[in-house]
Amino acid sequence: FRLRESVDIDGRRLRVTASIGVVVHPHNGATASTLLEHADAAMFECKQAGGNAYRFFEPCLNTTAHRVLQIQRALSHAALNGQLSVYYQPKFDAHTQALAGAEALLRWNHPELGPVSPAEFIPLAERTGTIVELGDWVVEEVCRQIMHWDAAGMPPLKIAVNLSPRQFQQPDLVQRLSQILHRYQVAADRLMFEITETAAMRDAGQSIAAIRQLQSLGFEVAIDDFGTGQSSLAYIKTLPFSTLKIDRAFVMDLETSAIDRQLAHTITQL
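Within any chain, residue numbers begin from 1 and follow the written order of that chain's sequence. In keeping with the model being predicted, local features are shown solely for residues with a pLDDT of at least 70 and side-chain atom pairs are shown and tallied solely at 80 or more, while totals for entire chains, interfaces and linings include all residues. Excluding hydrogens and water, the side-chain values take into account all heavy atoms of the structure.

### Describing the packing of helix H3 (residues 118-128) against helix H4 (residues 130-151)
So, point 1. Every angle, taken between N-to-C directions, lies between 0 and 180 degrees, and every axis is a line fitted to C-alpha atoms, over only the stretch in contact when it is a helix. The numbering of helices and of strands both runs from the N terminus, where a helix is a DSSP run of H or I of at least 4 residues and a strand a run of E of at least 2. Axis separation between H3 and H4 bottoms out at 5 Å; the angle between their running directions is 115 degrees. Note on element contacts: H4 touches H3 through Thr130, Ile131 and Leu134, opposite Ile122, Ala125, Glu126 and Thr128.
So, point 2. Three classes are used, and their members are as follows: Ala, Val, Leu, Ile, Met, Phe, Trp, Tyr, Cys and Pro are nonpolar, Asp, Glu, Lys and Arg are charged, and the others, Gly among them, are polar. Taken together, the residues of the contact of H3 with H4 sort by class into four nonpolar, two polar and one charged. Here a residue-residue contact requires only that any non-hydrogen atoms of the pair lie within 4.5 Å.

Have a look at this one:
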């Protein structure tokens, strides 16, 4: 209850929240190290459920917590250990059927865990901050691949790269991207950066400034997962993006759902 009370720091009223893992001796462990490990597992489960609460340890939590800790520890060294790769999902023009570009997708194959789903490791990387390093690695890998394709005489393609919310908030984002492109001598117009609607709407003013800064260097910017975030047509009108990517929830059942067809058509008209 005391934690709920706000405190005044430099004229700002702040409030601390807590996620608490609870263990009971000796039922949940006989040693201090075991109790701490199990308390940490219960705390992690509490955070996963939204945080600002408490959770008692249960034996079923141990396996999940162990895997999460294993992934967190291995992820920071995955690139150096050669476990990461980039797959390229092609994009086709619906009218001409021609190849119009590709989207870079990060994949991780762990020597012990096997292929780890992005749905599992990306949120962990976002939470721990590792996503910034991973994001830079992906951009470097894409630029390296573009350089090889150009040397082989392949027609130029625009490659889309996802920017995570934490990446998008980095104040030196544009500077780092410029340095990578300069290193590989890749033109900015060869890349499109995709930002989720939720990330773009988190701080619309900051997003507009960041997108314009990216575009000033020649990068194309797309709004991803459109239709599932905190949509506001007033903000969508002001965000200087060039592409809206309709979320898969609206296109998976186009053949069978008249509602989905109407929604997709309406979004396309935007």
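### Digging into the packing of H4 against helix H6 (residues 173-184)
So, point 1. The contact between H4 and H6 brings their axes to 9 Å, and the two run at 30 degrees. The angle between H4 and H6 falls in the class roughly parallel. In the crossing of H4 with H6, the sense of the turn from one axis to the other is right-handed. Within the contact between the two elements, H4 uses Val132, Asp136, Val139, Glu140, Cys143, Arg144 and Met147 and H6 uses Arg176, Leu177, Ile180, Leu181, Arg183 and Tyr184. Any angle between 65 and 115 degrees counts as roughly perpendicular, while under 35 counts as roughly parallel, over 145 as roughly antiparallel, and the rest as oblique. Take the far helix as the reference: if the near one is turned anticlockwise from it by less than a right angle, the crossing is left-handed, and if turned clockwise, right-handed.

### Quick notes on the pattern of salt bridges
Side chains that carry opposite charge are capable of pairing whenever their charged atoms lie near each other.
So, point 1. Take a side-chain nitrogen of Lys or Arg and a carboxyl oxygen of Asp or Glu: if they are within 4 Å of each other, that pair is a salt bridge. Throughout the structure, instances matching the rule amount to 13 salt bridges.
So, point 2. Put simply, Glu141 and Arg144 hold a salt bridge, and the shortest N to O gap is 2.4 Å. Taken as a pair, Glu141 and Arg144 lie in helix H4 at a separation of three residues, close to a single helical turn.
So, point 3. Exposure remark for Glu141: the relative accessible area of 22% places this residue in the partly exposed category.
So, point 4. Residues joined in a network through salt bridges with shared partners are Lys91, Glu103, Glu194 and Lys245. Residue exposure (1.4 Å probe, protein chains only): buried if accessible area is under 20% of the type maximum, exposed if over 50%, otherwise partly exposed.

### So, the packing of aromatic side chains
So, point 1. The pairing test for Phe, Tyr and Trp rings, Trp by its six-membered ring, is centres within 6.5 Å, and the orientation test on the planes gives stacked under 30 degrees, edge-to-face over 60, and tilted for anything in between. The final tally for this structure, using the stated rule, is four aromatic pairs.
So, point 2. Ring geometry for Tyr54 and Phe56: centres 6.1 Å apart, planes at 85 degrees, overall edge-to-face.
So, point 3. Classification of Phe56 as partly exposed rests on a relative accessible area of 45%.
So, point 4. Measuring from ring centre to ring centre gives 5.5 Å for Trp108 and Phe121, while their planes differ by 90 degrees; the resulting arrangement is edge-to-face. Pair noted here: Trp108 is in strand S6 (residues 99-110) and Phe121 is in helix H3, with a separation of 13 residues, a long-range link.

### Some remarks on the layout of surface pockets
So, point 1. A 1.4 Å probe that fits into a set of points on a 1 Å grid over the protein atoms alone but cannot get out defines a cavity; an open set with protein on both sides within 12 Å along at least five of seven lines defines a pocket, and lining residues are those with an atom within 4 Å of a point. Grid points are joined across faces, edges and corners, and a volume is the space filled by probe spheres set on the points. Taken as a whole, the largest pocket spans an internal volume of roughly 690 Å³.
So, point 2. What lines the largest pocket is a set of 24 residues, and nearest its centre among them are Pro118, Ile122, Ile131, Asn162 and Ser164.
So, point 3. Breaking the lining of the largest pocket down by element, the ones donating at least two residues are S6, H3, H4, strand S8 (158-163), helix H5 (165-168) and strand S9 (191-196).
So, point 4. Taken as a whole, the second largest pocket holds about 330 Å³ of empty space.
So, point 5. As for the second largest pocket, its lining consists of Asp224, Asp225, Leu244, Lys245, Ile246, Asp247, Arg248, Val251, Leu254, Ala264 and Thr268.
So, point 6. If you list the elements that add at least two residues to the lining of the second largest pocket, you get strand S10 (220-226), strand S11 (243-246) and helix H10 (258-269).

### Quick word on unusual backbone geometry
Negative phi is the rule for most residues except glycine; trans is the rule for most peptide bonds.
So, point 1. In this model, His25 is joined to Pro26 through a cis peptide bond whose omega is 5 degrees.
So, point 2. Note that Pro26 resides in the loop between strand S3 (20-22) and helix H1 (32-48).
So, point 3. With a phi close to 55 degrees, Asp10 is a non-glycine residue in the positive phi region.
So, point 4. Here Asp10 shows up in the loop between strand S1 (7-9) and strand S2 (12-14).
So, point 5. Of note in the backbone geometry, Gln97 takes a positive phi value of approximately 65 degrees without being a glycine.
So, point 6. A relative accessible area of 60% places Gln97 in the exposed class.

### A short note on the side chain of Ser207
So, point 1. Note on placement: Ser207 falls in helix H8 (residues 204-216).
So, point 2. On the basis of relative accessible area, Ser207 is assigned to the buried category, the value being 0%.
So, point 3. Once residues within four sequence positions are removed from consideration, Ser207 is found in contact with Phe168, Ala199, Ala200 and Leu239.

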